[in-house]
Amino acid sequence: ATGLAYGLASAYAPAKGGSSEMKITNVVTTTPVVNVTNNLTLSGSASYSVFLMGPAATAQGVVLLDILSPPAAGNALVRFVHASSDTAGLDIFQDDAATANIAALAYRSGSGYLSVPAGAHDYKINLTGTANAALPAQALTLEAGRIYTSVVLGSSAAGAAKPLSLNLLLDR
């Protein structure tokens, strides 16, 4: 993908299975921002998402395996990715759940996929183990048969140029 702006995603791109190296480059300076990984081993039959996380000077790439098999009839799949370098672990609650559906999601990690009924859902995102909201409740509408990745990105610092937000991406 070329010219990909902050918070956006590209379509899937084909990659050969086996060992490879992936680099993310600044389009203005044409210098590598980060070498995602040396000797990344990809399965030719699998799909992956690559996320660039952190401040530009210390950015790191994270590769997650995607599941693109359709969910059960009437459901959607959604996973969450923690991409905010200055935000502690996150607990994610769906629709006023008493306990976290996803607990202690660490920076630079993704949850497993949750199978949820299609429709509108509210997600409350708290700092791990507290009632302190990292973000106000976020309403997401998920379509039946679709697969999503929801990315927590930005900064939790007061007055940040890019404040903490939740970005819903369509995987399939």
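Just so you know, these numbers come straight off a predicted model, no measurement behind them.

J.: Describe the packing of aromatic side chains, naming the residues involved and giving the relevant values.
T.: Aromatic ring pairs are reported here in terms of the distance separating the ring centres and the angle at which the planes meet. Scanning all chains against the criterion turns up 1 aromatic pair. One cation-aromatic arrangement involves lysine 124 over phenylalanine 93; the distance from NZ or CZ to the ring centre is 5.0 Å.

J.: Report on the side chain of glutamine 94, specifying residues and quantitative values.
T.: Inspection of the secondary structure puts glutamine 94 in strand β6 (residues 90-94). Sequence-distant contacts of glutamine 94, that is, excluding residues within four places in its chain, are made with Asn101, Leu114, Val116, His121, Asp122 and Tyr123.

J.: An account of unusual backbone geometry is requested, with residue identities and associated values reported.
T.: Here the phi dihedral of aspartate 95 falls at roughly 50 degrees; this positive angle occurs in a residue that is not glycine. Mapping aspartate 95 onto the fold places it in the loop between β6 and β7 (102-105). The exposure class of aspartate 95 is partly exposed, given its relative accessible area of 36%. In this structure, aspartate 96 is a non-glycine residue whose phi angle is positive, near 60 degrees. Summarising the element assignment, aspartate 96 is placed in the loop between β6 and β7.

J.: Could you give an account of the sheet that holds strand β10 (residues 119-127), naming the residues involved and the relevant values?
T.: The 4 strands are arranged β7-β6-β10-β11 in an open sheet whose pairing can be described as antiparallel. Two strands in the sheet have a free side with no partner beyond their single neighbour: β7 and β11 (133-142). Direction aside, neighbouring strands of the sheet carry axes that sit 20 degrees apart on average.

J.: An account of the confidence of the model for the protein chain is requested, with residue identities and associated values reported.
T.: Taken residue by residue, the protein chain gives an average pLDDT of 88. The fraction at 70 or more is 94%. In the model of the protein chain, strand β2 (residues 32-42) stands out as the element of lowest mean pLDDT, 65, in contrast to strand β5 (residues 75-82), which has the highest, 98.

J.: An account of the pattern of salt bridges is needed here, citing residue identities and associated values.
T.: Side chains carrying opposite charge are able to pair once their charged atoms draw close together. Enumeration according to the criterion identifies 1 salt bridge in this entry. For arginine 79, the salt bridge goes to aspartate 66, with nearest N and O atoms at 2.4 Å. Residue arginine 79 is located in strand β5, and its partner aspartate 66 is located in strand β4 (residues 60-66); the two are separated by 13 residues in the primary sequence. Each member of the pair, arginine 79 as well as aspartate 66, is classed as buried.

About the thresholds
Along each chain, the written sequence defines residue order, and numbers are assigned to residues from 1. Where totals are concerned, whole chains, interfaces and linings use all residues; where local detail is concerned, this predicted model gives features only for residues with pLDDT of at least 70, and gives and counts side-chain atom pairs only at 80 or more. With hydrogens and water stripped out, all remaining heavy atoms of the structure feed into the side-chain values. Aromatic rings from Phe, Tyr and Trp, with only the six-membered ring used for Trp, were paired whenever their centres fell within 6.5 Å, and each pair was classed as stacked if the ring planes differed by under 30 degrees, edge-to-face if by over 60, and tilted otherwise. In our convention, an over-ring charge means Lys NZ or Arg CZ found within 6 Å of a ring centre and within 35 degrees of that ring's normal. Secondary structure counts use DSSP, requiring at least four H or I residues in a row for a helix and at least two E residues in a row for a strand, with both numbered from the N terminus. Working rule for contacts: check all heavy atoms of both residues, and any pair within 4.5 Å makes them a contact. Only protein chains enter the area calculation, which uses a 1.4 Å probe; residues under 20% of their type maximum are buried, those over 50% are exposed, and those in between are partly exposed. A pair of strands is labelled paired if DSSP reports no fewer than 2 bridges between them. As a rule, the C-alpha atoms of each element are fitted with a line to give its axis, helices using only the stretch in contact, and angles between N-to-C directions run from 0 to 180 degrees. pLDDT expresses how confident the predictor is about each individual residue, on a scale running from 0 to 100. Salt bridge, as used here: a side-chain nitrogen of Lys or Arg that lies within 4 Å of a carboxyl oxygen of Asp or Glu.

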